[in-house]
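What follows is the residue order along each chain.
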Amino acid sequence: MKRIYGGALKPMIVNFLKEEQLTKEDIEELKRILDERRD
């Protein structure tokens, strides 16, 4: 991760989300995790 993304997490996540085929359930789980982090 450090070598490819310079240690930054956001670019890695954005790239992953663009490349992967996510199910509706995957998306809902990611939303839930992000909502929990926001609070």
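Residues numbered from 1 in each chain as written. Predicted model: local features only at pLDDT ≥ 70, side-chain atom pairs only at ≥ 80, totals over all residues. Heavy atoms only, no water.

- If you check an unreviewed UniProt entry, the chain appears there as BlaI/MecI/CopY family transcriptional regulator from Paenibacillus cisolokensis.

## Describing the overall build of the chain
- What the chain contains, in helices and strands, is three helices and zero strands.
- Across the chain, helices and strands are ordered from the amino to the carboxyl terminus as α-α-α.
- Along the three orthogonal principal directions, the C-alpha set of the chain runs to about 30 × 25 × 10 Å.
- The buried share among the 39 residues of the chain stands at 0%.
- A total accessible area of about 4000 Å² is found for the chain, and carbon and sulfur atoms account for 54% of it.
- Of note, the chain has its 9 positive side-chain charges centred 8 Å away from the centre of its 9 negative side-chain charges. (Helix = DSSP H or I, 4+ residues; strand = E, 2+ residues; numbered from the N terminus. Buried < 20%, exposed > 50% of the residue type's maximum accessible area, 1.4 Å probe, protein only. Areas by Shrake-Rupley, 256 points an atom, 1.4 Å probe, with all protein chains shown as cover. Lys, Arg positive; Asp, Glu negative; His and termini not counted. Charge placed at Lys NZ, Arg CZ, Asp CG, Glu CD.)

## A short note on the environment of Arg3
- Summarising the element assignment, Arg3 is placed in helix α1 (residues 2-5).
- Overall, the relative accessible area of 78% leaves Arg3 in the exposed class.
- Each C-alpha atom of the pair Arg3 and Lys18 lies 20 Å from the other, and the pair is 15 residues apart in sequence.

## Description of the pattern of salt bridges
- Summed over the entire model, instances satisfying the criterion amount to four salt bridges.
- For Arg32, the salt bridge identified is with Glu36, shortest N-O distance 3.0 Å. Placement of the pair is Arg32 and Glu36 together in helix α3 (residues 24-38), with a separation of four residues, close to one helical turn.
- Through salt bridges with shared partners, one network takes in Glu29, Arg32 and Glu36. (Salt bridge = Lys/Arg side-chain N within 4 Å of Asp/Glu carboxyl O.)

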